[in-house]
Amino acid sequence: MPEPNAREMFLGQGPGAEAGSQNLFVNMGPAHPAMHGIIRIFAELDGEMVVKADVEIGYLHRAFEKDCEVGPYNNAIPYTDRLNYVSPLINNFAYASAVEKLLGIDITERCKYIRVIMSEISRICDHLTCVGASAMELGAFTVFLYMIKAREFLWELVEDVTGARLTISYGRVGGVKADLPDAFGIKVRKAFAETRQVLQEVHTLVTGNRIFMDRMVGVGALSAQDTIAWGITGPLLRASGVPFDLRRVEPYWAYDRLDFEVVLGKNGDNFDRFLVRMGEMEQSMRMVEQALERMPGGAINVDFEGREIPVDAYVDRGKQGKTEGLLLLPISLSPNLQGQGRDAQSRVNVHDKTVVLPPKETAYGSIEGLMNHFMLVMDGYGIRPPAGEAYFAAEGANGELGFYVVSDGGDRPYRVRCRPPCLPPVAALPRMIEGQMVADIIPTFGSVNMIGGELDR
Amino acid sequence: MDGSAILARLRGRLGARVLETHEHRGDHTAVIAPDGILDALRYCRDDAELGFDLLMDLTAVDYAKYPGREDGPRFDVVYHLYSVPHNHRVRLKVPVEQDAASVSSATSLWPIANWLEREVWDMFGIRFDGHPDLRRLLLYEEFVGHPLRKDYPIDRRQPLIGPHV
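Throughout, residues of each chain are indexed from 1 in the direction in which the sequence is written. Here the convention is simple: chains get letters from A, ligands get numbers from 1, in the order in which they are written. This being a predicted model, a pLDDT of at least 70 is required before a residue's local features are given, and a value of 80 or more before pairs of side-chain atoms are given or counted; all residues contribute to the totals for chains, interfaces and linings.

### With respect to the overall build of chain A
Step number 1: Per the secondary structure count, chain A includes 20 helices and 10 strands.
Step number 2: In chain A, which comprises 457 residues, the proportion classed as buried is 51%. Secondary structure elements follow DSSP: runs of H or I no shorter than four residues count as helices, runs of E no shorter than two count as strands, and numbering proceeds from the N terminus. Counting other C-beta atoms within 10 Å of its own, a residue is labelled buried from 20 upward, exposed at 12 or fewer, and partly exposed in the gap between, with every C-beta atom placed from the backbone.

This is how it looks when you write it as structure tokens:
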């Protein structure tokens with residue numbers, strides 16, 4: 001009889017041999033390369049299968065809602081940048097619109113179009129990041145590089161308009177910070193041509209690719225009923241075939257005047273979510289192109305070129321009492337304030353001096369303007385909506401982005417609640433991954449597009 | 001359905017348990033007595049004409065320093081409901097006293113209420129009866145107090161905690 005080898009000798013002799021199968025507990029995150037941002041998935045595994053999962057969030061909690069309560073209404077704008085830091089413009093505008101709803105004012109037509117244009121550009125950035133990152137985690141690194149390249153072109157547009165790429169703080173209660181720059185339409189067309197090419201390339205690379213399909217089709221699926229019960233909106237809900245898009249069902253700003261399709265999926269799995277996002281980027285580009293065409297006010301040209309005078313000369317003339325016709329003169333502003341002159345401001349901002357800062361000509365050139373300016377920035381003054389509450393929802397890149405603002409009649413919000421669009425899908429994540437393989441966590445988590453800033457606030 | 005019709009339908013069903021209804025800036029609100037909230041939510045979800053199948057948001061407001069509400073119930077728990085088939089919205093509010101800060105949990109109706117109620121417990125210290133797992137959501141277990149309460153100062157420091165042993 002041959003001697004048993006070592007493997008045969010120890011087989012079935014380990015300490016766990018009598019106990020039957022034992023489940024393994026695994027932490028993914030908080031610091032894991034596939035957890036975009038910081039989040040912890042605590043999973044119980046039976047072999048390769050996820051038996052049970054729990055998700056822990058809050059690692060990026062910055063007390064957004066508490067911070068909003070201590071400053072005037074416009075002070076919350078920079079904080080909203082940091083909610084969804086991939087598409088901050090939508091947060092800016094949604095918050096501003098909530099306060100405007102509370103005030104009962106309507107913004108100018110041109111401003112509505114600007115908000116649509118900038119929101120849709122942000123939405124494309126957001127979808128590019130989401131699709132690119134989750135494709136990268138499945139091994140398609142090229143897709144990530146291509147999409148980040150396209151996002152770069154779009155961020156250049158954002159930079160052109162707002163002066164920043166990420167922390168843009170461009171929205172204002174009652175309007176936007178400044179008008180669109182010169183020749184913006186031409187730059188948009190150029191950037192969109194590049195983006196369309198990237199989308200085409202990505203479709204060629206991954207849509208229909210065997211490896212990509214195997215990882216995505218049928219993985220992380222939620223039925224339409226489940227998606228609704230979990231409060232999930234946005235691309236995830238549309239991927240399960242429910243045509244819920246706030247831009248269509250409750251059109252705000254200028255969305256009712258634009259022609260676009262609500263992109264729908266069928267199965268609610270990761271692959272449909274990918275297709276919905278790819279389709280929405282094309283629709284967003286269509287919307288921006290139409291909005292640029294239909295925007296009132298046309299291209300922005302300074303038609304009084306050569307007649308501008310510098311600010312200090314303007315103030316001097318005012319001090320010397322040479323005020324005749326002074327308020328009608330345009331002034332040349334520093335680059336930081338460009339687009340905030342009288343002309344631009346009257347196009348993009350509400351004509352309500354209790355809400356919007358006066359144009360710089362008036363603030364520098366007349367005592368009334370200066371007083372108006374101070375009445376809006378002094379502690380205890382500023383924007384004071386009547387007591388009451390309002391909820392405004394915009395279609396964020398991840399779903400319904402709602403702001404619930406309560407006013408007590410003072411100059412700072414009594415309560416600001418942000419309804420984060422990516423909290424419900426993260427809450428439903430255990431439901432999506434339980435019963436699936438460990439490797440399926442990665443594409444599912446990628447398709448949820450968790451954004452720590454708005455999830456943890 | 002029109003907002004005021006929704007409120008009328010709720011009043012018809014719940015009677016005196018609807019304490020008050022109002023409309024502000026196009027948002028329709030019904031204030032429901034604490035003992036009627038679960039019935040109200042279930043009715044909103046299951047009634048064919050209301051059809052509020054989506055719990056959009058669940059949050060709370062601390063009215064401790066609100067002019068005119070200093071003596072009333074301290075908190076309001078606020079539900080924002082949306083109906084996908086009918087495309088309408090309503091807001092339900094439940095006044096909650098500080099001493100008995102607890103409301104019936106909506107987890108049996110919508111699974112998403114689980115996390116939203118955990119957040120309200122975390123931030124306001126309002127308990128939800130019947131919640132299966134009422135842990136803090138955003139903060140950590142050792143955190144002292146509930147930061148969105150109006151009597152929690154924004155600059156309060158929390159004791160440092162070490163690693164779990």
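### With respect to the environment of Lys-149 of chain A
Step number 1: In this structure, Lys-149 of chain A sits in helix H6 (residues 141–162).
Step number 2: Considering only alpha carbons, one finds Lys-149 of chain A and Glu-194 of chain A, 45 residues apart in sequence, at a separation of 9.0 Å.

### Digging into the sheet that holds strand S4 (residues 75–83) of chain B
Residues and elements named next belong to chain B.
Step number 1: A pair of strands is considered paired only if DSSP assigns at least 2 bridges between the two. Strands sit in the order S1-S2-S5-S4-S3 across an open sheet of 5 strands; the sheet is mixed. Strands at the two margins of the open sheet, each flanked by one partner only, are strand S1 (18–24) and strand S3 (54–62). Pairwise comparison of adjacent strand axes, ignoring direction, gives a mean angle of 20° for this sheet.
Step number 2: Pairing of S4 with strand S5 (residues 88–96) involves 9 bridges; the strand directions are antiparallel. From the neighbouring strand, Tyr-82 faces S5, where its bridge partner is Arg-89. Structural elements are reduced to axes, namely lines fitted to C-alpha atoms, with helices fitted over the stretch in contact, and the angle between N-to-C directions of any two is expressed from 0 to 180 degrees.

### Considering the nonpolar core
Step number 1: Nonpolar core, as used here: buried Ala, Val, Leu, Ile, Met, Phe, Trp, Tyr and Cys residues forming one set through C-beta atoms within 7 Å. Judged by nonpolar contacts, the single largest core of 172 residues is most densely connected at Val-426 of chain A together with Leu-55 of chain B.
Step number 2: Among the elements that make up this core, the one with the highest residue count is helix H5 (residues 109–137) of chain A (13 residues).
Step number 3: Where each domain begins and ends follows an automated or database-derived domain assignment. For this core, the domains that each give at least three residues are domain 1 (64–173 + 183–299 + 385–456) and domain 2 (309–377) of chain A.
Step number 4: By definition, residue pairs are in contact when their C-beta atoms, positioned from the backbone, come within 7 Å. Residue contacts for Leu-55 of chain B: discarding those within four places in its chain leaves Gly-231 of chain A together with Tyr-79, Leu-81, Ala-106, Trp-110, Ile-112 and Ala-113 of chain B.

### Some points on the domain arrangement of chain A
Residue and element names in this part refer to chain A.
Step number 1: Structurally, chain A comprises domain 1 (64–173 + 183–299 + 385–456) and domain 2 (309–377).
Step number 2: At 3 residues, H5 tops the list of elements feeding residues into the side of domain 1 that touches domain 2.
Step number 3: A per-class count over the side of domain 1 that touches domain 2 returns 6 nonpolar, 2 polar and 1 charged. Amino acid classes used here: Ala, Val, Leu, Ile, Met, Phe, Trp, Tyr, Cys and Pro are nonpolar; Asp, Glu, Lys and Arg are charged; the rest, including Gly, are polar.

### Overview of the packing of helix H4 (residues 88–103) of chain A against H5 of chain A
Each pair of packed helices can be summarised by the angle the axes make with each other and by the distance between the axes.
Residues and elements named next belong to chain A.
Step number 1: At a minimum axis distance of 7 Å, the contact between H4 and H5 shows a crossing angle of 140°. On H5, the residues that touch Leu-89, Ile-90 and Phe-93 of H4 are Arg-115, Met-118, Ser-119 and Ser-122.
Step number 2: Of the residues belonging to the contact of H4 with H5, the class tally is 4 nonpolar, 2 polar and 1 charged.

### Let's talk about the interface of chain A and chain B
Step number 1: Contacts between the two partners involve 35 residues from chain A, matched on the other side by 28 residues from chain B.
Step number 2: Only helix H2 (64–70), H4, helix H9 (224–229), strand S8 (388–396), strand S9 (399–407), strand S10 (415–419) and helix H17 (423–427) of chain A provide two or more residues apiece to the side of chain A that touches chain B.

### Remarks on the environment of Met-28 of chain A
All names here are of chain A.
Step number 1: With respect to the helices and strands, Met-28 occurs in strand S1 (residues 24–28).
Step number 2: Accessibility expressed as a C-beta count within 10 Å gives 18 for Met-28, which makes it partly exposed.
Step number 3: Taking the C-alpha atoms as reference, Met-28 lies 52 Å from Met-375; in sequence the two are 347 residues apart.
Step number 4: Every residue in contact with Met-28, bar those within four places of it in the chain, is listed here: Met-35, Ile-41, Ala-43 and Ile-441.

### So, the sheet that holds strand S3 (residues 49–56) of chain A
Sheets are built from strands that pair by backbone hydrogen bonding, the pairs being arranged parallel or antiparallel.
All names here are of chain A.
Step number 1: Spatial strand order, S1-S2-S3: 3 strands in an open sheet with antiparallel pairing. Looking along the sheet, the strands with just one partner apiece sit at the ends: S1 and S3. Averaged over all neighbouring strand pairs, the angle between strand axes comes to 20°, with direction disregarded.
Step number 2: Where S1 meets strand S2 (residues 40–46), 5 bridges bridge the pair, whose relative direction is antiparallel.

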